[in-house]
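Below are the chains, spelled out letter by letter.
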Amino acid sequence: MFPASVVKPIDENLKYIVEKIESENSGLSVLAARQFGYTVTQNSLELTIKEPRKFNVLEEFIIRAGMEFNPPPTANDLASILGLDSVFIKSTIANLQSLHTLADTSQITVTEEGSLFYAQGSVPKRPYSVSIYAITDNLAGKITFQYESLEDIVIKQPDLADFVNIEQKNPTIFSLQLAEIQEIIQSSNLPLHVPAEGKFVTDFKVKGTTQIIERNISLFVIFDHNQDKLNIEIRSGKEILEAATKKIEELYNAEKISLAELCQLSQETINLQREEIINQK
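This one's a predicted model, so the numbers in the text were calculated from it and none came from an experiment.

A few points about the overall build of the protein
Secondary structure summary: the protein contains 9 helices and 8 strands in total. Over its C-alpha trace the protein gives a radius of gyration of 29 Å, far above what one expects of a compact globule, namely 19 Å for 281 residues. Referenced to the eigenvectors of the C-alpha coordinate spread, the extents of the protein come out at roughly 100 × 40 × 30 Å. Counting all 281 residues of the protein, 41% fall into the buried class. Sequence-distant contacts in the protein: of pairs separated by 6 or more residues, those separated by 24 or more amount to 70%. Only carbon and sulfur atoms are counted for the fraction: they give 48% of the accessible area of the protein, which is about 15,500 Å².

Written out as structure tokens, the structure is:
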């Protein structure tokens, strides 16, 4: 038991999580648990997506000619080589140009995008658009994408930003290049950019205005008996937020945040509880 004079600062609606942590981990004791509000930003994105279709014999020949001939041939050159009407060749080239497989030049020049699809043995179908949401979380230090919009709710908890300097270190959504957007799509586990299947996000637009969305998180101060170590954990509901936890622990170890201010847990109380826990052990 803790000394009667020591009161663990635990928010009432977090007690069930505290009990779960301690009952499932005999070597852990929660010294404090407090809820906070903090904000993330949300932007709407419109993605342009292209999927593959198998090219026909003439399309394959035209693309190969643009990649392998030096200098690149014209439509008339190919018509002469193949013995076909130049109108037929020009029509196929115009279609490939409209798909951005070929550059809009008199000589047959394959675009970077065209090369990507050609490597898959295909040309792109007509593009289509998909809308997603970009969530910029400075506490977690990252941008993620999702299909659904975040719910805009009013948080009545203390603002974490009043206690912790949550600096913006990651780039804004407006400064990202296409390759970075493609990478975030893949890390967010959205099946929209899958090069192995010939499916590519080829363009994007940030639409509308930036929304400020309030979120609820919980901070737990946990003493590990086995390692004689104090840990800080950030959760959303029951889910541990790894990136946010790492950032808060780094700030605490660098003495840039105070547990006394964050959750009314003084160093004296920490020492008293630690001593009591070790004595019990």
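Comments concerning the pattern of salt bridges
Pairs may arise between side chains of opposite charge once their charged atoms sit close together. In the structure shown here, the tally under the stated rule is 9 salt bridges. Glu68 serves as the salt-bridge partner of Arg64, at 3.5 Å between the closest nitrogen and oxygen. With Arg64 and Glu68 both in helix 2 (residues 57-68) and 4 residues apart, this pair spans about one turn of that helix. For Glu68, a relative accessible area of 52% gives the class exposed.

A closer look at unusual backbone geometry
Looking along the chain, the bond that leaves Asn70 and enters Pro71 is cis, with omega of 5°. With respect to the secondary-structure elements, Pro71 resides in the loop between helix 2 and helix 3 (75-82). Positive phi outside glycine occurs at Asp228, with the angle close to 50°. Among the secondary structure elements, Asp228 is positioned in the loop between strand 6 (200-224) and strand 7 (229-236). For Asp228, a relative accessible area of 37% gives the class partly exposed.

A word on the sheet that holds strand 5 (residues 142-146)
As summarised here, the arrangement of the 6 strands in space is 5-4-1-6-7-8, forming an open sheet in which the pairing is antiparallel. At either end of the open sheet lies a strand with only one pairing partner, and these are strand 5 and strand 8 (239-240). Of the strands in this sheet, strand 1 (28-50), strand 6 and strand 7 are in contact with helix 1 (residues 15-24), which crosses strand 1 at around 105°.

Considering the packing of helix 3 against helix 4 (residues 86-98)
It is the contact of helix 3 with helix 4, at a shortest axis distance of 9 Å, that shows an interaxial angle of 125°. Considered as vectors, helix 3 and helix 4 are oriented oblique to each other. Considering the relative orientation of helix 3 and helix 4, their crossing is right-handed. Residues Ala75, Asn76, Leu78, Ala79 and Leu82 of helix 3 form the contact with helix 4, whose participating residues are Ser86, Ile89, Lys90 and Ile93.

Considerations on the confidence of the model for the protein
Averaged over every residue, the pLDDT of the protein is 88; the share at 70 or more is 96%. In the model of the protein, helix 9 (residues 267-280) stands out as the element of lowest mean pLDDT, 78, in contrast to helix 6 (residues 178-187), which has the highest, 96. Every residue in residues 1-5 is under pLDDT 50, and counting partners more than four places away or in other chains gives 8 contacts.

Quick notes on helix 1
When we look at burial in helix 1, the residues that qualify are Ile17, Val18 and Ile21. One side of helix 1 carries all its buried residues, which in axial view fall inside an arc of 105°. Opposite the buried face of helix 1, at more than 90 degrees from it, the exposed residues are Glu19, Ser23 and Glu24. At its buried positions, helix 1 is contacted by strand 1, strand 6 and strand 7.

Looking at the environment of Lys156
Examined against the element boundaries, Lys156 turns out to sit in the loop between strand 5 and helix 6. As a C-alpha pair, Lys156 and Val201 span 45 residues in sequence and 40 Å in three-dimensional space.

Quick look at the packing of aromatic side chains
How two aromatic rings sit relative to each other is set out by the distance from centre to centre and by the angle between their planes. Following the criterion strictly, the structure yields 3 aromatic pairs and no others. Residues Phe36 and Phe163 carry aromatic rings whose centres are separated by 5.7 Å and whose planes lie at 70° to one another, so their mutual orientation is edge-to-face. Of this pair, Phe36 sits in strand 1 while Phe163 is found in the loop between strand 5 and helix 6, placing the two residues 127 residues apart along the sequence. Residue classification places Phe36 among the buried positions, given a relative accessible area of 0%. For the pair Phe117 and Phe200, a centre-to-centre distance of 4.9 Å together with 65° between the ring planes defines the contact as edge-to-face.

Reading the values: the criteria
- Residues numbered from 1 in each chain as written.
- Predicted model: local features only at pLDDT ≥ 70, side-chain atom pairs only at ≥ 80, totals over all residues.
- Heavy atoms only, no water.
- Helix = DSSP H or I, 4+ residues; strand = E, 2+ residues; numbered from the N terminus.
- Rg over C-alpha atoms; globule rule 2.2 N^0.38 Å.
- Buried < 20%, exposed > 50% of the residue type's maximum accessible area, 1.4 Å probe, protein only.
- Contact = heavy atoms within 4.5 Å.
- Areas by Shrake-Rupley, 256 points an atom, 1.4 Å probe, with all protein chains shown as cover.
- Salt bridge = Lys/Arg side-chain N within 4 Å of Asp/Glu carboxyl O.
- Pairing = 2+ DSSP bridges.
- Axes fitted to C-alpha atoms, helices over the stretch in contact; angles between N-to-C directions.
- Parallel < 35°, antiparallel > 145°, perpendicular 65-115°, else oblique.
- Left-handed = near helix turned anticlockwise from the far one by under 90°.
- pLDDT = per-residue confidence, 0-100.
- Arc of directions from axis to C-beta.
- Phe/Tyr/Trp six-rings, centres within 6.5 Å; stacked < 30°, edge-to-face > 60°.

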